[in-house]
Amino acid sequence: MKRRLLMGGIAASTLAAPFIANAQAPLTLNGAVQFNDDHAFNKTLLKFEELVKKYYGKPINFVLHRNSSLGLEKQYFEYMAQGKAVDYAVVSPAHMSTFSKAAPFIDAPFLFRDLAQWNKVLDLDLLKPVADEVAQKAQVMLIGYAGGGVRNIFVNKPVSNLAEIKGLKVRVQGAPIWSKTFAAAGMSPTVIAYNEVYNAIQNNVISAGENEAAGVESMKFYEVAPNLAMTEHAITIRPVCFSSKTFKSLPKDLQDAVIKAGKEAGAYGRQVESGEDEQKLVALEKAGKLKRIPFKDRAEMKKLVDPVMAAYAKEIGADGIFTQIVATN
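Just so it is clear, the model here is predicted, and its values are computed rather than measured.

### Remarks on the overall build of the chain
Each helix and strand in the chain was counted, giving 13 helices and nine strands. Here the chain, with 329 residues, has 47% of them falling under the buried criterion. Across the chain, contacts joining residues at least 24 apart in sequence account for 76% of those joining residues at least 6 apart. Of the roughly 15600 Å² of accessible surface on the chain, 54% is carried by carbon and sulfur atoms. For the chain, the centre of its 40 positive side-chain charges and the centre of its 33 negative side-chain charges are spaced 5 Å apart.

Pasting the structure below:
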């Protein structure tokens, strides 16, 4: 009798096991972003969530930590490398330089001719060597590419060609490649803290700075430099990142969904950000706060800068990528 009860218990346990497994809570993936729901990065990550759910087709939870509640992008990248707290995020290539010297290069000035070439480079996956190095050394996968903000020069006087920007005192970012390229174009670049640019222009320490539409709007640079020379000298790239350690723990069908969704969400993010760029500039112009000035010598300016870019690319081991980008029509 005891044996019969024991066997019955074992059988019952065996039959119940699949139901217990099926009753387990769905997986939860945690994302992080510095901004609120209006920002293009949030929209990109929400699209990623939507697409993963669509392609996976099984219950899965997403938690997106907004407004820097888990720190800044630099911390997100560290968390993903460690496989804790953050599973996915949009991160600037600048925060990957510890693991890949070439990573910040994909966001360098004068790298792309225009948005069409920029999109083509991303669609052709020409940045794969950088992604491979980051994945190998940092254990973080670059599964898509968002971004699309176009940077132009805001100036306290109208400028529209190379002759008019000769000697222009312009604030640039701290990375050496920015000073080198702007100097090659004939300007007089200087590194000034971002939050000091407004006062520096107001006090005639410099005459100009460079930024995307969102930065010009939020920092009110148009108040001291209402002329926007449309140099289109840089187009931002913001990779959609995913923790390799998390990825390896996922079932194969969810891994496939993550890869497919990452690429598509990145493309969606590029459309959003590049579209918002134009909308912000139009709104500023209509309000009489800013005047866009076509820059006639953009192609000539890039020719002056290309040798500097080529030398820098060789220095950091990104010359192969640079050659392919230049060859992209």
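### Notes on the confidence of the model for the chain
Of the residues in the chain, 92% reach a pLDDT of 70 or more, and the chain-wide mean stands at 90. Of the regions scoring below 50 in pLDDT, residues 1-23 engages in zero contacts with residues more than four places distant in sequence or in other chains.

### Some thoughts on helix H5 (residues 128-138)
Buried residues of H5: Val130, Ala131, Val134 and Ala138, and no others. In a view along the axis of H5, the buried residues occupy a sector of 100°, so they form one face of it. The secondary structure elements touched by the buried residues of H5 are helix H3 (73-82), strand S4 (140-155) and helix H13 (319-327). Looking one or two residues past H5, Gln139 carries a phi angle of roughly 60°, positive in sign.

### Digging into the nonpolar core
Met80, Phe105, Leu127, Ile153 and Met187 are the most contacted members of the largest nonpolar core, which has 60 residues in total. Among the elements that take part in this core, S4 stands out by supplying six residues, more than any other. Once you skip the residues sitting within four places of it in the chain, Phe105 turns out to touch Leu111, Met309, Tyr312, Ala313, Ile316, Ala318 and Phe322. Counting 25 residues, the second-largest nonpolar core is a separate cluster that includes Ile60, Ile143, Phe247 and Val258.

### Let's talk about the packing of helix H2 (residues 40-56) against helix H11 (residues 252-286)
Between H2 and H11, whose axes approach to 7 Å, the crossing angle comes to 150°. Here H2 is positioned roughly antiparallel relative to H11, judged by the angle of their axes. The hand of the H2/H11 crossing is right-handed. A class-by-class count of the residues in the contact of H2 with H11 yields 14 nonpolar, three polar and seven charged.

### Considerations on the pattern of salt bridges
Tallied over the entire structure, the rule returns 18 salt bridges. A salt bridge links Arg66 to Asp37, with the nearest nitrogen and oxygen atoms 2.5 Å apart. Taken together, the residues Arg66 in the loop between strand S2 (60-65) and H3 and Asp37 in the loop between strand S1 (27-32) and H2 connect sequence positions 29 residues apart. Relative accessible area serves as the criterion here: at 40%, Asp37 is assigned to the partly exposed category. A salt bridge links Lys74 to Glu78; the nearest nitrogen and oxygen atoms lie 3.0 Å apart. Taken together, the positions of Lys74 and Glu78, both in helix H3 and four residues apart, correspond to about one turn of that helix. For Lys74, a relative accessible area of 43% puts it in the partly exposed group. Bridged by salt links that share partners, the residues Arg151, Glu210 and Glu212 form one connected network.

### A word on the packing of aromatic side chains
In the structure shown here, the tally under the stated rule is 13 aromatic pairs. Arranged with centres 6.1 Å apart and planes meeting at 40°, the rings of Phe105 and Tyr312 form a pair that is tilted. Of this pair, Phe105 sits in the loop between strand S3 (88-90) and helix H4 (115-123) while Tyr312 sits in helix H12 (residues 298-315), placing them 207 residues apart in sequence. Owing to a relative accessible area of 1%, Phe105 belongs among the buried residues under this scheme. We classify Tyr312 as buried; its relative accessible area is 15%. One aromatic cluster is present, formed by Phe48, Phe62, Tyr88, Phe242 and Phe247 through successive ring pairs. Its end group placed over the ring of Tyr55, Lys260 keeps NZ or CZ at 4.2 Å from the ring centre. Sitting above the plane of the Trp118 ring, Arg270 keeps its charged end 5.7 Å from the centroid.

Definitions and limits used
- Residues numbered from 1 in each chain as written.
- Predicted model: local features only at pLDDT ≥ 70, side-chain atom pairs only at ≥ 80, totals over all residues.
- Heavy atoms only, no water.
- Helix = DSSP H or I, 4+ residues; strand = E, 2+ residues; numbered from the N terminus.
- Buried < 20%, exposed > 50% of the residue type's maximum accessible area, 1.4 Å probe, protein only.
- Contact = heavy atoms within 4.5 Å.
- Areas by Shrake-Rupley, 256 points an atom, 1.4 Å probe, with all protein chains shown as cover.
- Lys, Arg positive; Asp, Glu negative; His and termini not counted.
- Charge placed at Lys NZ, Arg CZ, Asp CG, Glu CD.
- pLDDT = per-residue confidence, 0-100.
- Arc of directions from axis to C-beta.
- Core = buried A, V, L, I, M, F, W, Y, C linked by side-chain atoms within 4.5 Å.
- Axes fitted to C-alpha atoms, helices over the stretch in contact; angles between N-to-C directions.
- Parallel < 35°, antiparallel > 145°, perpendicular 65-115°, else oblique.
- Left-handed = near helix turned anticlockwise from the far one by under 90°.
- Nonpolar A, V, L, I, M, F, W, Y, C, P; charged D, E, K, R; others polar.
- Salt bridge = Lys/Arg side-chain N within 4 Å of Asp/Glu carboxyl O.
- Phe/Tyr/Trp six-rings, centres within 6.5 Å; stacked < 30°, edge-to-face > 60°.
- Lys NZ or Arg CZ within 6 Å of the ring centre and 35° of its normal.

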